[in-house]
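Okay, here's what each chain looks like letter by letter:
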Amino acid sequence: MSNILVYIHAPAPVPTKSQRELLALAASLGEVHAVLGGPADPIALEALTSAGANGFYTAAGGIDPAALLSPAVCLLTAAVRESAATAVLLPNSIEGREIAARAAVRLDSGVITDAIEVDAELLVTKSVLAGSYTVKAQVTRGPALITLKPNSVQLPAHETASAAAAPVRELELGDNAPAARITGTRPRTSSGRPALAEARFVVAGGRGVDGDFSAVEDLADALGAAVGASRAATDAGWIDHSAQVGQTGTTVSPQLYISAGISGAIQQKAGMQSAKTIIAINKDPDAPVFEIADLGIVGDLTQVLPQAAAEIRRRK
Ligand code: FAD
């Protein structure tokens with residue numbers, strides 16, 4: 001049976017949907033070990049075991065969070081050598097892609113990003129050109145480092161309840177003094193809203209909000225939704241870049257995506273067209289977003305969004 005590693009960047013008592021997708025996909029390919037890029041308490045280990053991990057690799061002495069991603073790259077490389085893994089699955093996040101690329105250099109192997117499917121032969125289906133095409137690709141040398149797009153794997157309805165956490169193996173990373181260190185951090189204020197990639201509801205605003213995201217945020221709060229944005233809005237500095245949905249942002253697949261003042265360019269659609277229901281609000285009846293919307297409202301978002309938020313609150 002093949003050995004498959006899954007890289008878990010931030011273990012938590014409740015694994016994220018993306019982490020569970022990585023573990024579920026890995027379990028369909030072989031024996032799964034999770035490589036932990038951060039500290040994990042016993043509850044986190046049990047939860048990851050229930051989600052499919054048969055064992056864990058951690059760094060002896062822990063991972064120095066001030067050393068950027070270098071220790072994670074060292075740990076992953078050591079775990080691949082230790083386990084003779086044929087593949088490593090990582091999140092398609094900025095961190096996941098950087099770690100995959102740097103580990104591939106050390107292992108003299110190949111990376112495939114943006115994966116949406118991986119078969120038993122490690123043939124990867126990946127989306128390209130903003131989701132307009134899919135291509136099949138395979139790593140031809142060394143262990144395959146594959147970053148998986150969120151919402152690509154159907155999760156099992158019930159995970160097997162596990163009595164005890166799988167065994168943990170500590171790896172000595174030797175002398176790996178990082179070439180760069182974090183010298184200071186400035187925390188971003190937390191909105192208390194759900195994480196964009198995993199939210200059931202998303203309300204997204206584009207250039208049409210004209211610099212003011214308050215109506216988008218207010219509807220999001222009325223619905224318990226995450227706030228998303230087009231690249232035009234994030235590039236303008238109206239909202240943080242982490243809110244960007246699309247080809248070069250986050251891919252979302254919520255139950256409901258409300259698009260307000262977004263034209264529906266192909267790069268935006270690439271990140272949201274798999275939403276179960278799409279409601280588009282745009283004052284231009286010919287906006288391309290209406291081609292994929294389940295419900296289209298031709299109107300001014302400054303009027304439609306507050307009315308929707310008030311109605312939702314009234315019915316609660
Ligand atoms: P616009 O296209 O300017 O549309 C604004 C819309 O708002 C219009 O349709 C207008 O009718 C409507 N509107 C204006 N005022 C109102 C109002 N008061 N009420 C209602 N409607 C109103 N874009 C992304 O979103 N995500 C990506 O990840 C992304 N990646 C990219 C990658 C590459 C390589 C490139 C080249 C582009 C990428 N883009 C991405 C940019 C993309 O091509 C578009 O430029 C962008 O999505 C446009 O954003 P928008 O729809 O908000 O703005």
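What you see is a predicted model, and the numbers here were worked out from it, not measured in a lab.

Draft legend 1. Inspection of the site of the ligand at higher detail. In the region of the ligand, 24 residues are neighbours, and Arg207, Ser230, Thr248, Ser263 and Asn282 sit closest. Residue arginine 231 places a main-chain N or O atom 3.0 Å away from an oxygen atom belonging to the ligand. Between a nitrogen atom of the ligand and a main-chain N or O atom of valine 245, the distance comes to 2.8 Å. In isolation the ligand offers 980 Å² of accessible surface; the protein chains occlude 75% of this area. At the level of secondary structure, the elements contributing two or more residues to the shell around the ligand comprise helix H6 (231-235) and helix H7 (266-269). Here the residues of the shell around the ligand are counted per class, giving 5 nonpolar, 14 polar and 5 charged.

Draft legend 2. Examining the sheet that holds strand S10 (residues 201-205) more closely. Read across the sheet, 5 strands follow the order S11-S10-S12-S13-S14 without closing on themselves; strand pairing throughout is parallel. At either end of the open sheet lies a strand with only one pairing partner, and these are strand S11 (226-229) and strand S14 (295-298). Strand-to-strand twist across the sheet, computed as the mean angle between neighbouring axes with direction ignored, equals 15°. Strand direction decides the pairing type here: S10 and S11, joined by 4 bridges, are parallel. Within S11, the residue paired with valine 202 across the bridge is alanine 226. Along the sheet, helix H5 (residues 214-223) makes contact with S10, S11 and strand S12 (256-260), crossing S10 at roughly 175°. Packed on one face of the sheet, helix H8 (residues 301-315) meets S12, strand S13 (277-282) and S14 and runs near 135° to S13.

Draft legend 3. Layout of the nonpolar core. Ranked by size, the top nonpolar core spans 30 residues in total, and within it Val6, Leu23, Phe56 and Leu89 carry the most contacts. At the level of elements, strand S1 (3-8), helix H1 (17-27), strand S2 (31-36), helix H2 (42-50), strand S4 (87-91), strand S5 (111-118) and strand S8 (144-148) are the ones that each hand at least two residues to this core. Examining the composition of this core, we find that 5 residues originate from one element, H1, more than from any other. Among residues more than four places away in sequence, those in contact with leucine 89 are Ile4, Leu5, Val6, Tyr7, Leu22, Leu25, Ala26, Leu29 and Ile146. Counting 23 residues, the second largest nonpolar core, distinct from the first, contains Val203, Ala229, Ile279 and Ile281.

What counts and how
- Residues numbered from 1 in each chain as written.
- Predicted model: local features only at pLDDT ≥ 70, side-chain atom pairs only at ≥ 80, totals over all residues.
- Heavy atoms only, no water.
- Near = heavy atom within 4 Å.
- Polar contact = N/O pair within 3.5 Å; in protein donor to acceptor, adjacent residues only side chain to side chain.
- Areas by Shrake-Rupley, 256 points an atom, 1.4 Å probe, with all protein chains shown as cover.
- Helix = DSSP H or I, 4+ residues; strand = E, 2+ residues; numbered from the N terminus.
- Nonpolar A, V, L, I, M, F, W, Y, C, P; charged D, E, K, R; others polar.
- Pairing = 2+ DSSP bridges.
- Axes fitted to C-alpha atoms, helices over the stretch in contact; angles between N-to-C directions.
- Contact = heavy atoms within 4.5 Å.
- Core = buried A, V, L, I, M, F, W, Y, C linked by side-chain atoms within 4.5 Å.
- Buried < 20%, exposed > 50% of the residue type's maximum accessible area, 1.4 Å probe, protein only.

Shape is all these values report; function is a separate question.
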